[in-house]
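Each chain, letter by letter, is given below.
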Amino acid sequence: MSDRAVLHVKGRVLAGPEDVRDELWVVDGRVSYDRPAGARDIRTVEGWTLPGLVDAHCHVGLGPHGPVDAATAEKQALTDREAGTLLIRDAGSPSDTRWVDDRDDLPKIIRAGRHIARTRRYIRNFAHEIEPADLVAHVAQEARRGDGWVKLVGDWIDRDLGDLAPSWPRDAVEEAIAEAHRLGARVTAHCFAESSLTDLVEAGIDCVEHATGLTEDLIPLFASRGVAIVPTLVNIATFPDLAAGGEARFPRWSAHMRRLYERRYDTVRAAYDAGIPVYVGTDAGGSLAHGLVAAEVAELVTAGIPPLDALSATSWAARAWLGRPGLEEGAPADLVVYESDPRADVRVLASPRRVVLNGQVVQ
């Protein structure tokens, strides 16, 4: 022990929403609340400490036109790391990012495989584009490739209809979700519209991304089934521009997108009030910048979620939901240190003082 480098984190350690410790120690890359005997080479970091933040809807390896090279994916991951995001649920990517797992200096990734969409009903080069008869087989394939999650595209614009419409018939999603669960994977789905939600939730889906179509009559169904939502409000902020771009060809869709945008905060607050689990996700990748986790937490607060719960949605609760430890004894030392108490003002999250990943100070 005497020759081992040790990190001493002191000040206020937020091991839980109300579990505040005075210090922790990092030995061999792991958290300890006991001072290591005989330690001499000690580096001290001081401030308000949180578990590494979680972005539960992020796309490493995805750019505006599809997959990107490893160098670009590395820059995306580093940008998230600099923002304090040390755990990512990658909600669909066409790139193979397994090489990230061999890098101790990059965020940990929980993958959902590649998006599964209906033919010509999603962004080109992003997804497997298939018909309902092939859905179960593709879900099984992505369940095996992922890290316990599968991502469906639940709805998208139907060009013949000129508006958002569900991608899959009820029987197809029932069979597909059952197969994912049989293989030990959870299922989430991109959903903007109202009309796609009932079938997916009643079929047993575990989470819905965006969930802008969540209405008062659907909230009890979500709450009773324990279906989580990841609102991605920093992405929903782009809806007015999307609507303006599609106005000439698809005026019905454009009007619908504007309505979803206008009630976005009411939707999220109503979900929270009903006890629906809400988690932080930015939808980084594609056309949206990485490193926006602090902005998304601030958006949840603007929507009316209490600051402590918005903070938990990117830290303690989010890590528990994804089955990853926080600042428990013996856990990997993934943590972020701030100048002041983020529980008092979530805007503190935008300026990490130190970032520690796998026990190493990386920023």
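Check the entry above for the structure.
Here we summarise the structure given alongside this text. (Residues numbered from 1 in each chain as written. Predicted model: local features only at pLDDT ≥ 70, side-chain atom pairs only at ≥ 80, totals over all residues. Heavy atoms only, no water.)

Time to look at the packing of helix α2 (residues 135-145) against helix α3 (residues 170-182). α3 packs onto α2 with a crossing angle of 25 degrees between their chain directions and a minimal axis gap of 9 Å. Judged by the inter-axis angle, α2 sits roughly parallel to α3. In terms of crossing hand, the pair formed by α2 and α3 is right-handed. Residues Leu135, Val136, Val139, Ala140 and Arg144 of α2 pack against Ala172, Val173, Glu175, Ala176, Glu179, Ala180 and Arg182 of α3. Taken together, the residues of the contact of α2 with α3 break down into eight nonpolar, no polar and four charged. (Axes fitted to C-alpha atoms, helices over the stretch in contact; angles between N-to-C directions. Helix = DSSP H or I, 4+ residues; strand = E, 2+ residues; numbered from the N terminus. Parallel < 35°, antiparallel > 145°, perpendicular 65-115°, else oblique. Left-handed = near helix turned anticlockwise from the far one by under 90°. Contact = heavy atoms within 4.5 Å. Nonpolar A, V, L, I, M, F, W, Y, C, P; charged D, E, K, R; others polar.)

A few words on empty space enclosed by the protein. Sizing a probe to match a water molecule and rolling it over the atoms shows the empty space that remains. Tallying each qualifying case throughout the model produces one cavity of 30 Å³ or more. Computed from the structure, the largest cavity encloses a volume of approximately 50 Å³. Taken together, His210, Ala211, Thr212, Ile229, Pro231, Leu233, Ile236, Arg264, Thr267 and Val268 form the lining of the largest cavity. Listing elements by their share of the lining of the largest cavity, those giving two or more residues are α6 (233-236) and α9 (264-273). By residue number, the principal contributor to the lining of the largest cavity is α9, which donates three residues. (1 Å grid on protein atoms, 1.4 Å probe; cavity = no way out; pocket = protein on both sides within 12 Å on 5 of 7 lines; lining within 4 Å. Points joined across faces, edges and corners; volume = space filled by probe spheres on them.)

This brings us to a positive patch on the surface. A cluster of basic residues, Arg120, Arg124, Arg159 and Arg249, forms a positive patch on the protein surface. Secondary-structure assignment places Arg159 in the loop between β13 (155-158) and β14 (163-166). On the accessibility criterion, Arg159 (42% relative accessible area) is partly exposed. (Patch = residues over 30% accessible without salt bridge, like charges linked within 9 Å, V, L, I, M, F, W, Y side chains within 5 Å. Areas by Shrake-Rupley, 256 points an atom, 1.4 Å probe, with all protein chains shown as cover. Salt bridge = Lys/Arg side-chain N within 4 Å of Asp/Glu carboxyl O. Lys, Arg positive; Asp, Glu negative; His and termini not counted. Charge placed at Lys NZ, Arg CZ, Asp CG, Glu CD. Buried < 20%, exposed > 50% of the residue type's maximum accessible area, 1.4 Å probe, protein only.)

Moving on to the packing of α9 against helix α10 (residues 293-303). For the pair α9 and α10, the least separation of the axes is 8 Å and the interaxial angle reads 80 degrees. Regarding the angle of α9 to α10, the classification is roughly perpendicular. Here α9 contributes Tyr265, Val268 and Arg269 to the contact with α10, which in turn contributes Glu299, Leu300, Thr302 and Ala303. Among the residues making up the contact of α9 with α10, the classes are represented as four nonpolar, one polar and two charged.

Attention now goes to the environment of Asp104. Relative to the helices and strands, Asp104 resides in the loop between β8 (85-90) and β9 (108-111). Owing to a relative accessible area of 56%, Asp104 belongs among the exposed residues under this scheme. Sequence spacing of Asp104 and Leu335 is 231 residues, and the spatial spacing of their C-alpha atoms is 14 Å. Setting aside residues no more than four positions away along its own chain, Asp104 makes contact with Leu357 and Asn358.

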